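Each chain is listed here by its residues.
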Amino acid sequence: MGRIRLLLLSLVYVSLAGLSTPSAAAQPALANAAPVIVVLGDSLSAGYGMTLDEAWPSLLQRRLEDNGHRYRVVNASISGETTQGGRTRLPRLLERHRPDWVIIELGGNDGLRGFSLQVTRDNLEAMMAMSREAGAKVLLAGIMLPPNYGPAYADRFAAIYEELASAGEALLVPFILDGVALDAGLMQEDGIHPNARAQPRLLDNVWSQLGPALGD
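About the thresholds
- Residues numbered from 1 in each chain as written.
- Predicted model: local features only at pLDDT ≥ 70, side-chain atom pairs only at ≥ 80, totals over all residues.
- Heavy atoms only, no water.
- Helix = DSSP H or I, 4+ residues; strand = E, 2+ residues; numbered from the N terminus.
- Buried < 20%, exposed > 50% of the residue type's maximum accessible area, 1.4 Å probe, protein only.
- Contact = heavy atoms within 4.5 Å.
- Areas by Shrake-Rupley, 256 points an atom, 1.4 Å probe, with all protein chains shown as cover.
- Salt bridge = Lys/Arg side-chain N within 4 Å of Asp/Glu carboxyl O.
- Expected span 1.5 Å × (residues − 1).
- Bend = angle between axes of the 7 residues up to and from the residue.
- Polar contact = N/O pair within 3.5 Å; in protein donor to acceptor, adjacent residues only side chain to side chain.
- Pairing = 2+ DSSP bridges.
- Axes fitted to C-alpha atoms, helices over the stretch in contact; angles between N-to-C directions.

## Description of the overall build of the protein
Piece 1. Helix and strand counts for the protein stand at 9 helices and 5 strands.
Piece 2. When the helices and strands of the protein are listed from N to C terminus, the series reads α-α-β-α-α-β-α-β-α-α-β-α-β-α.
Piece 3. Looking at the 216 residues of the protein, the share that counts as buried comes to 44%.
Piece 4. The long-range fraction of contacts in the protein, counting pairs at least 24 apart against all pairs at least 6 apart in sequence, stands at 76%.
Piece 5. Entry remark: accessible area of the protein is about 11,700 Å², with carbon and sulfur atoms responsible for 56%.

Structure, rendered in structure tokens:
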């Protein structure tokens, strides 16, 4: 009985070891996993008011495939997200996905809520630094505030993205809603969120910077 018991324990140990360690056949699949682009954004990237398949990050995945790029897009955007929320969530995203690129599309909710410009700047700068330290390149997608927020606040807000991109050696889309925000036909009824028809234009705005960096 003692020998049989030892034999059974040995078989269980071997089985558990096989489950916890990738097999030689599985290792090439891990090595060949597609590089990742993480999109960390708010409702402008989360597909607010439409299906996720219609949102520009999904269109980005299709364009990458059409152009022969092996990247996998992970859309980690949440409607209502602030820069503080993104800063809190980013470390886990970097650890889990180990992206080659991080597209940061945040700040709009900070501005609409009148948050401190310094807080917004600090959070964006911290996310850029985290991404670079994790080995990822950064694309910063900026936003501009409506004129009713006052020119002084709006101008200083827009300047944050330009200054951080320049200092942090990141790609910059100054205004992700360029060509969309003033076209009522491309906006939802709330006048804040782009509709599904606007998503290809948002993608073009992002691709104008990302595409050349990928060799297109």
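Back to the text.
## Description of the pattern of salt bridges
When their charged atoms lie close together, side chains carrying opposite charge are able to pair.
Piece 1. Tallied over the full model, the rule gives 4 salt bridges.
Piece 2. Measuring nitrogen to oxygen at the nearest pair gives 3.0 Å for the salt bridge that ties Asp204 to Arg63. Here Arg63 lies in helix α4 (residues 56-66) and Asp204 lies in helix α9 (residues 199-213), a separation of 141 residues in the sequence.
Piece 3. The salt bridge partner of Arg121 is Glu163, with a shortest N-O separation of 2.5 Å. Of the two residues, Arg121 sits in helix α7 (residues 117-133) while Glu163 sits in helix α8 (residues 151-168), which places them 42 residues apart along the sequence.

## Remarks on helix α5 (residues 83-97)
Piece 1. Taking 1.5 Å per residue, 15 residues should reach 21 Å; α5 reaches 20 Å between its end C-alpha atoms and fits that length.
Piece 2. Where α5 bends most, the angle comes to about 35 degrees, and this point is Arg89, followed within four residues by the proline Pro91.
Piece 3. For α5, the full list of buried residues reads Thr83, Gly85, Gly86, Leu90, Leu93, Leu94 and His97.
Piece 4. Buried residues along α5 sit against β1 (36-41), β2 (72-75), β3 (101-105), α6 (108-112) and α7.

## Re the environment of Thr82
Piece 1. Within the secondary structure, Thr82 sits in the loop between β2 and α5.
Piece 2. Spatially, the C-alpha atoms of Thr82 and Phe115 are 9.7 Å apart, while their sequence positions differ by 33 residues.
Piece 3. Setting aside residues up to four positions removed in sequence, Thr82 forms contacts with Leu106, Asn109, Asp110, Arg113 and Phe115.

## Regarding α7
Piece 1. Relative to the 24 Å expected for 17 residues at 1.5 Å per residue, α7 spans 24 Å between its end C-alpha atoms, a close match to the ideal helical length.
Piece 2. Buried residues in α7 make contact with β1, α5, β3, α6, β4 (137-141) and α8.
Piece 3. For α7, the N-terminal capping position is held by Ser116, with its side-chain oxygen 3.2 Å away from the main-chain nitrogen of Gln118.

## As for the environment of Leu93
Piece 1. Mapped onto the secondary structure, Leu93 falls in helix α5.
Piece 2. Classification of Leu93 as buried rests on a relative accessible area of 13%.
Piece 3. Sequence spacing of Leu93 and Leu40 is 53 residues, and the spatial spacing of their C-alpha atoms is 9.2 Å.
Piece 4. Residues within four places of Leu93 in sequence aside, it is in contact with Val38, Leu40, Ala76, Arg98 and Pro99.

## A closer look at the sheet that holds β4
Piece 1. Strand order in this open sheet of 5 strands is β2-β1-β3-β4-β5, and the pairing throughout is parallel. Since the sheet does not close on itself, it has two edges, and those belong to β2 and β5 (171-173), each with one partner. Ignoring which end each strand starts from, the neighbouring axes of this sheet average 20 degrees apart.
Piece 2. Note that β1 and β3 share 5 bridges and pair parallel. Its bridge partner lying in β3, Gly41 is registered against Glu105.
Piece 3. Where α4 meets the sheet, it contacts β1, β2 and β3, and its direction lies at approximately 175 degrees from that of β2.
Piece 4. Sheet strands touched by α8: β4 and β5. Its angle to β4, the strand with the most contacts, is close to 165 degrees.

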